[in-house]
Amino acid sequence: MKEFMHRFLHNKLAVAGSLILLLFLLSAVLAPVIAPFDPYYMDSTAVLMPPGGKHLLGTDNMGRDILSRIIYGSRISLQVSLVSVSIATAAGVFLGVLAGYFGKLTDGIISRVIEIMFAFPEVLLALLIMAILGPSLNNIMIAIGIVYTPIFARITRGAVLTVKESLHVEAARSIGVSDFSIIVRHILPNVLAPILVQITLSLAFAILSEAALSFLGIGVEPDIPSWGIMLNNGKSWIEIAWWVGVFPGIAIALAVLGFNILGDGLRDVLDPRLRNVEN
Amino acid sequence: MLRYILKRLVSIIPVLLGISVVVFFAVRLIPGDYATVTLGTQYTEEAAAALRQRYGLDQSIITQYFIWLKGILTGDFGFSYISNQPVALLLFSRVPVTLELTLFSLLMAVLVGIPMGYWAACKRNRMPDSAVTVLGLLGISIPGFWLGTMLVLLFSLTLKWFPSGGFVPLSEGILANLRCMFLPALALGVAVSAVVMRSSRSAMIEVVDQEYMKMGKAKGLSQTRLILKHGVKNTMIQVLTILGLQTGSLLGGSVVIEQIFSLPGVGSLALQAINNRDYLVLQGTVLFIAVMFVLINLIVDLLYCVVNPQIRY
Amino acid sequence: MKKRISLLSALILSAALVLSGCSDAPAEYGDSKGSGESDTSEAASSGVQDTSKETDGDQLIVAIQSDPSGLDPHMVTDKAAGICIENMYNTLFTYTEAYGEVAPSLAESYEVSEDELVYTLHLQEGVKFHSGNPMTSEDVKYSIERIMNGGARASQFDKVSSIETPDENTVVITLSSQYAPFLTYLANSLNAIVEKAVVEENGGSLANADAGSGPYKLEQWTEGSSLNLTAFPEYWEEGLPKVNSLVLKTIPDATARATALRNGEIHMIIDAIDQEIAVLKGAEGVTMESVPGTFWEYVGMNCESEYLKDVKVRQAVANAVDRDAINTAVKMGNAEVLKEANIPSTHEYYGGDEVYPARDLEKAKALLKEAGYGEGEITLKITVGSDWQYQVDAAQMVKQQLAEAGIESEISALESGVYFDGLNQGDFDLTICGWSGFVDADEYLYNLFTTGGAYNQQKYSNPAVDELLEQGRSTLDKEERMAIYKEAQKVIAEDAPMAFLYMNNFTVAMRDNVKGYTVHPTATTIFLKDVYFE
């Protein structure tokens, strides 16, 4: 652990990514303190105000302060990404361990299901699930969670397969240690590194997915200050009021960049051999 | 190897069947059916029942699935409830748009991503490498749909170089067609190019690091020649795999991009079908996309096997 | 994904009258040179062997906001389909340039019996369908019966008791009771006369067929892209249509539409939305024409839901809503605020009692108190269709305004399918929705506000209103009829099954060289046949 921290702190990428994310974390936590306006409040006397002056980043077509909405939006983005990736990790690791450790029929079924889910482009799958569940913040987290489950299952399964044959697992099995404790003690720690990297990358993708779905109008509830919704709205005003659509996009790109940089850094720190893993 | 190919071909059959099941039932799980959507506020029980009967929606869901599956196997995808046109025909008219969009984006990835990745690998830890690293990170972080909007703002609304949306078929002039595809392909292609660039960089670095390359260097071969001679060949497999994988996300990404640029592609057909609850069209479209993706991966796998026959499976 | 007008706004208006066709149409789709501005698409040059150079005179390209849902005049309810259909078909009567007035069309002349129950229609002679067959009384009878049996607008004909065809050119329609709006409904462009033989050939569905006699005939429909129509050479109205081919191009995105018009890639935008208007204002080569329209929007209140079944709560909502503020924020101040019911001040039958002259927050709070509710004790569910962004926006403002009066609410923006489902099943408290294309006062009120009315999703019921609206239907004397509707509007506004918001303007944006188009409040495009280029 100590060594990990040392290497982490000496990796420029990892530190840079963490700093960007820290900024977002702070803005999410301190939103009520730092946001200059109520992000929901519509001021029909201050519609489409350009940046500068009282509204630093301007207002949207309903007179809402864009800066405040972006600050509150970081809460939504972080919430969506954390919850959905937690769902995906939990479900994916569980399935992956089942498939990898027990093999045979279990593996056959789980692997087929994973393969089938992989056949659907992420956006399309998320879109279908959202159409079934209906648009809401909770549902979008579930939908994105489901979409990213197979990748975790696949990575875990692969890692389990390599660890399973190793000497210390064989040894543990031969002295009658239960499957459960073998999994917890010997297998999970060994799949931690690739999973951790995948988590960081998935967090980035989750933010993008939420924005994309909200952008298509089937994401979160319309008055929630989600960056994707702001972009969707901004797009129709792009010619009259560029600021409505430009700033939320920058926020998304920055947050995603933070996770991606951190992911790259983590990958180097944890295991240089993982360098070639791409989403 | 032949055995492997056969085995691989057989193995996708259950996957394809599974896809058909998922597609069918996912689509039918979507709340609100065709009748309610079509009738809108003019909904009455009788009118809805009549509509459902007309399209066989009153049969049991299992029966409907098998009827559909049987149709698919005989090449009959059914008809759109909305326009009465055969789904196959609809797909046929939409596929070229999405295909063109996807191909242009892939082309961009191949022409820009791969060389830049290799270049960065050669100049490792120097300026070009850092620049490529930063560009790559930006490329995978900027949302394509936002980039699309920004491109419209800059190139279409401000500079007036390209149309802001709409589609001109190839048959009406290559130039006009290319003009309307340029911005969408760019918006979609940036992320793929970045991914490809990053992976070709790391693939090449790995190869460069390998012993025989070091040996080659010791023998006095120039680095560029080394890379051309061994590096490209040895990284091809990885890059190919990445390209195959990316095709899937391109198909997904085109849903959003087609929306932004008002392109009549497969993705916008799917969205439109979701909104209209036009089941057969939606099923056909999603099935088509998924099967395409499976087939692309199959081809990549087989190529893999051809390029590198000593890999054992 | 912004369809402009709700499915709801169905009832597309207007008839497809028309005049005759000219010559053949080379119509190689795609060439659309604007008036020399930058960026015209090159198209069409390659591959076309035709030596004739295409000019603006040959082809009119009109942008529509969504794909038509189908081409069956009697079945569709969406605006885009209406625009396509009304240029392919004719109706017995037709709207005229003056809003509310109706003139003969396929019915050249008509007589009404003394008791106003029997209409004898004499058909225009020499009218041919696109198939080349002549139109006969049999087709007219068939068409009306087709509407009555499962058509989307069947309720407009429920007073028809029999249709007879004494000869090829005469149709006798007998009504079960006097029915004032009858001719207006016969002029609705979707109550079109279709060719019986073509319907039967197509197995009963006209979803992608052409059974019309209109100025343009169907050439090709490319879903998601465009509908190409060519002038019908044997069209019965002399000299019409003036342009050889009409392309209805689907461009869902407002920015893309506005850009295409400025670049001369298209010639017209029917029903430009507020963003487009703002962008196109002062654009070179573009003219815009606005008239008070017929697209009105409202906050619907479910009169059977827990809180809103109490009229006082409904009135509180109607008083708490700030129509002017919503108009400013959502419509850029372009719409006309409705202070009574849904009939606008530009309509002959406007009631004129300003029941809600301005927002009255105090009154809203007082009403809530009278109803026995304290601050925050009521929570309402607002549902809107996510396809209509301006209604989603309005919902957010309504939410804020209700909160100021002490009513909490939650918004869910649903896809149109789920949305309408919920609306029809009464699964909502509040909704934001709209209708367009109404002409007669009966159309504005009857189906929406009678007990059990076909479009009465609010489940509103007031026997007094039912009686007034029945009377209005069968009263033929204009003065008397106006008094009835004046009363009805007042009662409806006070009962507040809806908080009426505003009536939108209808705007058409055109290239400068497009001439001859009548911008009609109902948004009908039947006048496209008159368009010519200068």
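Computed from a predicted structure; not experimentally measured. (Residues numbered from 1 in each chain as written. Chains lettered and ligands numbered in written order. Predicted model: local features only at pLDDT ≥ 70, side-chain atom pairs only at ≥ 80, totals over all residues.)

Enquirer: Looking at this structure, I do not really get the overall build of chain B. What am I missing?
Expert: Counting its secondary structure elements, chain B contains twelve helices and zero strands. The order of helices and strands in chain B, counted from the N terminus, is α-α-α-α-α-α-α-α-α-α-α-α. The contacts of chain B with a sequence gap of at least 6 include a subset with a gap of at least 24, amounting to 73%. (Helix = DSSP H or I, 4+ residues; strand = E, 2+ residues; numbered from the N terminus. Contact = placed C-beta atoms within 7 Å.)

Enquirer: Would you mind showing me how to read the UniProt feature "transmembrane region" (unreviewed entry) in chain B here?
Expert: Residue and element names in this part refer to chain B. In the UniProt entry, the feature "transmembrane region" (unreviewed entry) is given for residues 12-30, 101-120, 132-154, 174-196, 239-261 and 281-307. Secondary structure across residues 132-154 comprises 91% helix and 0% strand; the distance between its end C-alpha atoms is 24 Å. Helix makes up 96% of residues 239-261 and strand 0%. Its end C-alpha atoms lie 29 Å apart. (UniProt positions renumbered as here; feature names shortened; annotations may be inferred.)

Enquirer: I keep staring at the domain arrangement of chain B and nothing clicks. Help me out?
Expert: All names here are of chain B. Assigned domains of chain B: these are domain 1 (2-73) and domain 2 (95-307). Each partner contributes to the interface: domain 1 provides 17 residues, whereas domain 2 provides 15 residues. Going through the elements one at a time, α1 (2-29) and α2 (34-39) are the ones with two or more residues in the side of domain 1 that touches domain 2. Top contributing element to the side of domain 1 that touches domain 2 by residue count: α1, with eleven residues. (Domains from an automatic or database assignment.)

Enquirer: What should I look at first to understand the interface of chain B and chain A in this one?
Expert: Interface size is commonly expressed as the accessible area that is lost once the parts come together. Listed per partner, the contact involves 44 residues of chain B and 35 residues of chain A. Here the side of chain B that touches chain A gets ten residues from one element, more than from any other, and that element is helix α10 (residues 223-260) of chain B. Per-class residue counts for the side of chain B that touches chain A are 31 nonpolar, eleven polar and two charged. (Nonpolar A, V, L, I, M, F, W, Y, C, P; charged D, E, K, R; others polar.)

Enquirer: Can you help me understand the nonpolar core in this one?
Expert: Across soluble globular proteins, nonpolar side chains show a tendency to be buried alongside one another. Formed by 347 residues in total, the largest nonpolar core has its most connected members in C:Val299 and C:Val317. Broken down by element, this core gets its largest block of residues, 20 residues, from helix α8 (residues 174-209) of chain B. Beyond its immediate stretch of four places on either side in the chain, C:Val317 contacts C:Val299, C:Met301, C:Leu402, C:Ile407 and C:Ala499. (Core = buried A, V, L, I, M, F, W, Y, C linked by C-beta atoms within 7 Å. Buried ≥ 20, exposed ≤ 12 C-beta atoms within 10 Å, placed from the backbone.)

Enquirer: What am I meant to see in unusual backbone geometry here?
Expert: A negative phi angle characterises most non-glycine residues, just as the trans form characterises most peptide bonds. Cis geometry marks the peptide bond from C:Leu240 to C:Pro241; its omega dihedral reads -10°. Despite not being glycine, A:Leu48 shows a phi value in the positive range, around 50°. Locating A:Leu48 in the fold gives a position in the loop between α3 (31-34) and α4 (66-102).

Enquirer: Teacher, can you tell me more about the sheet that holds strand β4 (residues 107-112) of chain C here?
Expert: Sheet strands pair by backbone hydrogen bonding; their relative direction is either parallel or antiparallel. Residues and elements named next belong to chain C. Spatial ordering of the open sheet is given by β4-β5-β7-β6, a layout of four strands whose pairing is antiparallel. Sheet topology places β4 and β6 (160-167) at the edges, where each strand pairs with a single neighbour. Averaged over all neighbouring strand pairs, the angle between strand axes comes to 20°, with direction disregarded. Where β6 lies against strand β7 (residues 170-175), five bridges are found, and the strand directions are antiparallel. Counterpart to Ile163 in the pairing with β7 is Ile173. Helix α2 (residues 137-148) rests against β5 (118-123), β6 and β7 of the sheet, and its axis sits at about 165° to β6. (Pairing = 2+ DSSP bridges. Axes fitted to C-alpha atoms, helices over the stretch in contact; angles between N-to-C directions.)

Enquirer: Sorry if this is basic, but what is going on with the pairing of β7(C) here?
Expert: For a regular strand, side-chain orientation follows a simple rule: the groups alternate between the two sheet faces. Across the two faces of β7(C) the burial differs, with C:Val171, C:Ile173 and C:Leu175 buried and C:Thr170, C:Val172 and C:Thr174 not buried at all. Once β6(C) ends, the chain turns through two residues before running back antiparallel as β7(C).

Enquirer: I tried to follow the pairing of β4(C) on my own but got confused; where do I start?
Expert: Residues and elements named next belong to chain C. Sheet analysis places β4 next to β5, joined by five bridges and oriented antiparallel. Looking at β5, one finds that Val112 is bridged to Tyr119. Once β4 ends, the chain turns through five residues before running back antiparallel as β5, passing Glu116 with a positive phi of about 60°.

Enquirer: Can you help me understand the packing of helix α6 (residues 122-133) of chain A against helix α7 (residues 137-164) of chain A in this one?
Expert: Helix-helix packing is described using two parameters, namely the angle between the two axes and the distance between the axes. All names here are of chain A. At a minimum axis distance of 9 Å, the contact between α6 and α7 shows a crossing angle of 140°. Taken together, the axes of α6 and α7 are oblique relative to one another. In terms of crossing hand, the pair formed by α6 and α7 is right-handed. Here Glu122, Leu125, Ala126, Ile129, Met130 and Leu133 of α6 lie close against α7, whose contacting residues are Asn139, Ile140, Ile142, Ala143, Ile144, Ile146 and Val147. Residue composition of the contact of α6 with α7, by class: eleven nonpolar, one polar and one charged. (Parallel < 35°, antiparallel > 145°, perpendicular 65-115°, else oblique. Left-handed = near helix turned anticlockwise from the far one by under 90°.)

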